[in-house]
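Architecture at a glance
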Amino acid sequence: MINWGLHKRYYGEHHTDRDAAVAEARADFMLDAPLNPAWMIATVRGVKVGMLIKASDAPEEKWFNAPYDSDIMIGDLIELNGYIWLCTKLSNTDDVTLKGFIKQCNLNLQFQLGTSEIHNAWCVFDSGVYSTTTHGTSTGNVGAQQFKVWLPYNEETRCLQRDKRLATEVLYYPDGSKHLRCYVVTANDSVDGAFGRGRYLELKMLESLDSPKDNVELMICDYIAPEDDTTDKPGGGWI
């Protein structure tokens, strides 16, 4: 197949201004990129977006180059090849393509925000600072390992403030009982992930004990059942 952009570069007219050269480079990308084996179709906020996927040092992290005018923001969840990824970086210096960095999500957090409504958020759960000390109460001790969580920043996740308890998995014991592996939020920050368009939320979490108030089946800490929800509901009352 003839690369017409390259053909014009050698035999056609040469651009004398940068804007025209950038426009041609963008057009060349759209002609050539879909023919590359690394070209994949992703879904971002319900919209199909083609992008070149490039490997990084870790298999669960990738670089991408999408068309320059693609509507992708930091903190967006990207569905790619059957998996969910979180966009954590966008380049501010590439004028030909939209270059970014994504991390594969490995946990769908379930939580409540003071009412019986259940919220969820895909996130990246990863190891952070480690310690050999323990903490706990008279009912048991847990390691003082700290972990980091990256997730989209929105009206729900921004309410995950310090001391909020979250569950990551169900633990099965020899006696047949089931308990949640719980963590408590120790820090909430969205500034560190606010370079470029959009932002993501970073949580630091410390291992915590489970509680009788937790719902193991729903994986929700401090569960509020609908019949126990005392918040005011819309509607009702006198007309």
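Before going into details, it helps to say that this report is about the structure given with it. Not measured: the values here are computed from a predicted model.

**Points about the overall build of the chain**
When its secondary structure is counted, the chain shows two helices and 14 strands. The proportion of buried residues among the 239 residues of the chain is 36%. Intrachain contacts of the chain at a sequence separation of at least 6 include 51% that bridge at least 24 residues. Surface summary for the chain: the accessible area is close to 14,500 Å², and the carbon and sulfur share equals 53%.

**A word on the nonpolar core**
For soluble globular proteins, the rule of thumb is that nonpolar side chains tend to be buried together. Ranked by internal contacts, the top residues of the largest apolar core, which has 21 residues, are Met 51, Phe 64, Ile 72 and Ile 78. Contributing elements (two or more residues each) for this core: strand S1 (39–44), strand S2 (47–55), strand S3 (61–67), strand S4 (77–80), strand S5 (83–90) and strand S6 (97–104). In terms of residues, this core owes the most to one element, S5, which gives four residues. Beyond its immediate chain neighbours, meaning those up to four positions away, Met 51 contacts Ala 38, Trp 39, Met 40, Ala 42, Phe 64, Asn 65, Ala 66 and Ile 72. Core analysis: the second largest hydrophobic core is formed by 16 residues, Leu 107, Ala 121, Phe 147 and Val 185 among them.

**Considering the packing of aromatic side chains**
Following the criterion strictly, the structure yields five aromatic pairs and no others. For the ring pair Phe 29 and Trp 39, a centre distance of 6.2 Å and an interplane angle of 65° mean the geometry is edge-to-face. Of this pair, Phe 29 sits in helix H2 (residues 18–32) while Trp 39 sits in strand S1, and the two are ten residues apart along the sequence. Across the pair, Trp 39 and Phe 29 agree in class, each one buried. Chaining the aromatic ring pairs together yields one cluster made of Phe 125, Phe 147 and Tyr 183. Positioned above the aromatic ring of Tyr 153 is the side chain of Arg 199, whose terminal nitrogen or guanidinium carbon lies 5.4 Å from the ring centre.

**Focus on the environment of Gln 104**
Residue placement: Gln 104 occurs in strand S6. C-alpha separation for the pair Gln 104 and Trp 122, spaced 18 residues apart in sequence, amounts to 9.7 Å. Contacts of Gln 104, omitting those with residues within four sequence positions, involve Glu 60, Tyr 83, Ile 84, Trp 85 and Val 124.

**Some points on the environment of Leu 113**
Along the chain, the position of Leu 113 falls in the loop between strand S7 (107–112) and strand S8 (118–127). Of the residues examined, Leu 113 reaches a relative accessible area of 29% and is grouped as partly exposed. Taking the C-alpha atoms as reference points, Leu 113 and Thr 157, separated by 44 residues in sequence, lie 9.5 Å from one another.

**Here we look at the environment of Gln 110**
Tracing the backbone through its elements, the reader meets Gln 110 in strand S7. Along the chain, Gln 110 and Cys 221 lie 111 residues apart, while their C-alpha atoms are 8.7 Å from each other. The contact partners of Gln 110, leaving out residues within four places of it in the chain, are Ile 118, His 119, Asn 120, Leu 218, Met 219 and Ile 220. For Gln 110, the side chain forms a polar contact with the main-chain oxygen of Asn 108, separated by 3.3 Å.

**With respect to the pairing of S4**
Here S4 shows a clear split, with Ile 78 and Leu 80 buried on one side and none of Leu 77 and Glu 79 buried on the other. Relative to S4, S1 runs antiparallel, the two being bridged by two bridges. What sits directly across from Val 44, in S4, is Ile 78. Judged from the four bridges that link them, S4 and S5 form a sheet pairing that is antiparallel. Across the sheet, Glu 79 pairs through a bridge with Ile 84, a residue of S5. Here S4 folds back onto S5 in antiparallel fashion, the turn holding two residues, of which Asn 81 has a positive phi close to 55°.

**Points about the side chain of Glu 61**
Position of Glu 61 among the secondary structure elements: in strand S3. For Glu 61, a relative accessible area of 18% gives the class buried. There is a polar contact of 2.7 Å between the side chain of Glu 61 and the side chain of Lys 103. When near neighbours in sequence (up to four residues on either side) are disregarded, Glu 61 contacts Ser 56, Trp 85, Phe 101, Ile 102 and Lys 103.

**Digging into the sheet that holds S7**
With antiparallel pairing, six strands are arranged side by side in an open sheet as S7-S8-S11-S14-S13-S12. Looking at strand neighbours, the two that pair on one side only are S7 and strand S12 (165–172), the edges of this open sheet. Here the average twist between neighbouring strands, direction ignored, is 40°. Bridging between S8 and strand S11 (residues 146–152) involves four bridges; their strand directions are antiparallel.

Reading the values: the criteria
- Residues numbered from 1 in each chain as written.
- Predicted model: local features only at pLDDT ≥ 70, side-chain atom pairs only at ≥ 80, totals over all residues.
- Heavy atoms only, no water.
- Helix = DSSP H or I, 4+ residues; strand = E, 2+ residues; numbered from the N terminus.
- Buried < 20%, exposed > 50% of the residue type's maximum accessible area, 1.4 Å probe, protein only.
- Contact = heavy atoms within 4.5 Å.
- Areas by Shrake-Rupley, 256 points an atom, 1.4 Å probe, with all protein chains shown as cover.
- Core = buried A, V, L, I, M, F, W, Y, C linked by side-chain atoms within 4.5 Å.
- Phe/Tyr/Trp six-rings, centres within 6.5 Å; stacked < 30°, edge-to-face > 60°.
- Lys NZ or Arg CZ within 6 Å of the ring centre and 35° of its normal.
- Polar contact = N/O pair within 3.5 Å; in protein donor to acceptor, adjacent residues only side chain to side chain.
- Pairing = 2+ DSSP bridges.
- Axes fitted to C-alpha atoms, helices over the stretch in contact; angles between N-to-C directions.

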